[in-house]
Structure formats: structure tokens, C-alpha cells
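Topology and contacts: notes
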Amino acid sequence: MPSTVFTTDVLQGEQRFEAWRSSIAVIFDVAPLAHDGLDRFQASVTAHHLGALLAGDLHFSSQQFSRSAARVARDGVDHYLVQWYRSGGFVGQHDDHADMQVRAGDITVFDLGRTQRTHAAPSHVLSLVVPRETLGEALGGATLADLHGAVLRQGTVLNGLLSDYLRSLHQRLPEVTLAEAPAVVQATAQMLAACLRPNQRTLAQAREEVQGVTLARIQRHIAQNLGTPLSPELLCRTFGISRSLLYRLFEPLGGVAHYVQQRRLARAFHALANPANRRLRVAEIASRTGFASEAHFSRAFRAAFGLTPSDVRATAGRASAGGAAGARGDGFGRDATAEYADWVRGLQPA
């Protein structure tokens, strides 16, 4: 898919903010906050164009964002902007009178056909620009009027589902092909509709996406808690789902118990193969990865890998560590800025 990158890192002094002002001008008027030094201003955007949706990963210093009535009338941009503030946040107003505050972890929605003004702290934001018709179709005719300024607060179930989906989407965007993009757009619109306007229709449309996000959340919980009990009963209670749904989610992965054991064995293998752990006894590694019995651990380990834990431990001393250096990409200039502006203006519904 088409993608582009903007960064102020390659610029000096006030050029940093002016380059950012130019890059974001297609959507917002921006202004620095009085206490900020423009020579220290930083911003970057990685954007992907899915045809009927734009996805962006943004980092930026504190500043004011605004869309006045005159600006809205002048630029004609008529999309919805969905933003997940992974860090930072803002205070401000929408429709020139409704106060609002967004904190780290919150998800907010703005109608770019209406006014807003916000003062943002230094932030990391995952964003989606969605045509009005695309979101309206996913909502099945439900009103869009009160979405402007809507906030899904961190810690709520719907925020958790949507933030997990957005995290997964952005991680996979570099792998999405042009042929797959329409399906990704449809799934994303349905997920937005289900979380922003949950009802029987939108939840039914997004059932597959919701279940996929639920599975990912459970898998992440398992990975973070391999040394603790992870019975089906505990997982169902933790995530508020039925046993039948849990079994259905994990059926393609060989079942819940099988999946948990394979994750524990994989973690144990890496621990045994790491020379830094050579002072840890095999029994201790087994315990730390959730096995109550060393004998059971050894049998399961050999069945999975064709090696005993001692075999892997014996090779650890001969292992050598390698390093990799990451390459730093160049920032884009006016041509790429104009390209992104054209993407926003030309964004069409699916």
C-alpha cells in the first residue's frame, strides 16, 4: 500500500515547526504554545493509504490544534478523525462551546465538518481518517450527529476492544496488500461502529473482529502470566466470557490447555538457551514458566522439541550473541507533504 513518512528530525530551528505546520495544514491550523521553544519542537508521522481510509502513527510536541468555522467552510474536508492517545492528551472544546479533556489511553472522535480547538500535551497518537459515508454505512443509518467530540475512556470495555484492534491494525499495516485493503477497511469500519454505537446490528457485523480482538487480549494476558495459574475458569472470569466462547476462540490453536502449555514450553526453551540463566536450575525454570512438576515439564519438553532441557542447557554455553543495527529513514519534504494532503482531500468511501 502507499505509505509515507514525515519527520522534523532533519530540520533545524524554527523550520521544524514550519514544516509540521505545512504537513498538517490539510486538516488543522496549528500554533505553538507560548512556553515552548520552536527550536526544540518535534513531530513525526507514518501514514498508510488503504484507499478508503488513512491510518497514521503520530508523535508531536505540545501545540494548539484548531478547525474554525471559516476553516471548515474553506477546506471542505468532510471525514471523521478517530484518535487513540497512547500517551499525552489534550484539553479543549468542540463546536466552540463544549469543553472536553482527553487523557492518555482515551479514544476520541472528531467530525472534521465541525469546529474544534484543543491544546495538546506532547503525545503519541494512532489515528484513522474515515470518510463520512464509510462510517455511516457501517452504522446502518444510525445517527452520526453526536459522534463529534465523543470519548471512549481508558479502562472501559469498548475502549479496550477498540484500542486492541487499533494496536493490531497499525502493527500489521506494512504487511497489508492492495488486494486486502478493502477487506481491512470494511473490518475497521465495522469495529468502529460496534464500539462507538454498540447495538444488535453493529455488534453482529463486527462479531468476527470483536472475537479476534478478544483472542488477542487473552493471548497477551497468557504471555504476561505464564508463571501463574491459567485455567479456563480463571480466563473466563478475567475476561467476562463464557467457557464455550473461550473454547471456540482457541479451537483453531489446538485448545486452551494446549496453547498455554506450548507458550510455557517456548518460554522455558528460550530461558534454557540463554547463557545468562545458566545458574538457574531446570526445576526453577520449570516453576517460573508455570509447571508444578519437573518430571511433567521434562516429558512435555522432550515431546515438543525432541530434546531434553539438559540438551538445550548444554548448548547454551556455546551460543553467541549477535546484534543488529537499525537503519534510520529520511524524513519527507514538501512533495510527500503534498501527497498526504492529496490523500486526505481525495479520500473516497469504500
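Now for a look at the structure at hand. Fair warning: this is a prediction, and the values are worked out from it, not measured in the lab.

What about the overall build of the protein?
Helices and strands together make up the secondary structure of the protein, namely 14 helices and twelve strands. A buried classification covers 46% of the 350 residues belonging to the protein. In the protein, the proportion of contacts linking residues at least 24 apart, taken out of those at least 6 apart, comes to 73%. Counting every atom, the protein has about 17,500 Å² of accessible surface; 51% of that belongs to carbon and sulfur.

Observations regarding the packing of helix H10 (residues 256-273) against helix H12 (residues 294-305)
Taken N-terminus to C-terminus, the directions of H10 and H12 make an angle of 90°; their axes are 10 Å apart at the nearest point. Viewed along their axes, H10 and H12 adopt a mutual orientation that is roughly perpendicular. Seen from H10, the contacting residues are Gln261, Gln262, Leu265, Ala266, Ala268, Phe269 and Leu272; seen from H12, they are His296, Phe297, Ala300, Phe301, Ala304 and Phe305. Counted by class, the contact of H10 with H12 contains ten nonpolar, three polar and no charged residues.

Describing the packing of helix H3 (residues 132-139) against helix H5 (residues 181-196)
In contact at an axis separation of 8 Å, H3 and H5 are set at 65° when each is read in the N-to-C sense. The interaxial crossing formed by H3 with H5 has right-handed handedness. Contacts between H3 and H5 involve Thr134, Leu135, Ala138 and Leu139 on the former and, on the latter, Val185, Ala189, Gln190, Leu192 and Ala193. Grouping the constituent residues of the contact of H3 with H5 by class yields seven nonpolar, two polar and no charged.

With respect to the pattern of salt bridges
Under the defined criterion, the tally for this structure stands at 13 salt bridges. For Arg288, the salt bridge goes to Glu284, with nearest N and O atoms at 2.9 Å. Pair noted here: Arg288 and Glu284 are both in helix H11 (residues 282-288), with a separation of four residues, about one helical turn. Under the relative-accessibility criterion, Arg288 is labelled exposed at 52%. Judged by relative accessible area, which is 27%, Glu284 ranks as partly exposed. Taken together, the salt bridges that share partners define one network made up of Asp29, Arg67, Arg71 and Asp75.

As for the sheet that holds strand S10 (residues 116-120)
Taken together, the five strands give an open sheet; going across it, the order is S2-S5-S10-S7-S8, and neighbouring strands pair in antiparallel fashion. Where the open sheet ends on each side, the last strands, each with one partner, are strand S2 (29-31) and strand S8 (98-102). Averaged over all adjacent pairs, the angle separating strand axes in this sheet is 15°, with direction ignored. Where strand S7 (residues 90-94) meets S8, five bridges bridge the pair, whose relative direction is antiparallel. Residue pairing across strands places Gln93 opposite Asp99, the latter belonging to S8.

Here we look at H3
Listed as buried for H3 are Thr134, Leu135, Gly136, Ala138 and Leu139. Phi for Gly140, located one or two positions after H3, is positive at around 65°.

So, the pairing of S10
Only one face of S10 is buried, namely the one carrying Gln116, Thr118 and Ala120, since none of Arg117 and His119 on the opposite face is buried. Alignment of S7 against S10, held across five bridges, turns out to be antiparallel. Residue pairing across strands places Gly92 opposite Thr118, the latter belonging to S10.

Details of the sheet that holds strand S11 (residues 123-131)
Backbone-to-backbone hydrogen bonds pair the strands of a sheet. The strands run either parallel or antiparallel. Here seven strands make up an open sheet; going across it, the order is S1-S3-S4-S11-S6-S9-S12 and the pairing antiparallel. Lying at the two open borders of the sheet, with one neighbouring strand each, are strand S1 (3-7) and strand S12 (150-152). Direction aside, the axes of adjacent strands within the sheet are offset by 15° on average. Along the sheet, helix H1 (residues 15-24) makes contact with S1, strand S3 (43-49) and strand S4 (54-60), crossing S1 at roughly 150°. Against the sheet, H3 engages strand S6 (79-87), strand S9 (107-111) and S11, with an angle of about 80° to S11.

About the cut-offs
Residues numbered from 1 in each chain as written. Predicted model: local features only at pLDDT ≥ 70, side-chain atom pairs only at ≥ 80, totals over all residues. Heavy atoms only, no water. Helix = DSSP H or I, 4+ residues; strand = E, 2+ residues; numbered from the N terminus. Buried < 20%, exposed > 50% of the residue type's maximum accessible area, 1.4 Å probe, protein only. Contact = heavy atoms within 4.5 Å. Areas by Shrake-Rupley, 256 points an atom, 1.4 Å probe, with all protein chains shown as cover. Axes fitted to C-alpha atoms, helices over the stretch in contact; angles between N-to-C directions. Parallel < 35°, antiparallel > 145°, perpendicular 65-115°, else oblique. Nonpolar A, V, L, I, M, F, W, Y, C, P; charged D, E, K, R; others polar. Left-handed = near helix turned anticlockwise from the far one by under 90°. Salt bridge = Lys/Arg side-chain N within 4 Å of Asp/Glu carboxyl O. Pairing = 2+ DSSP bridges.

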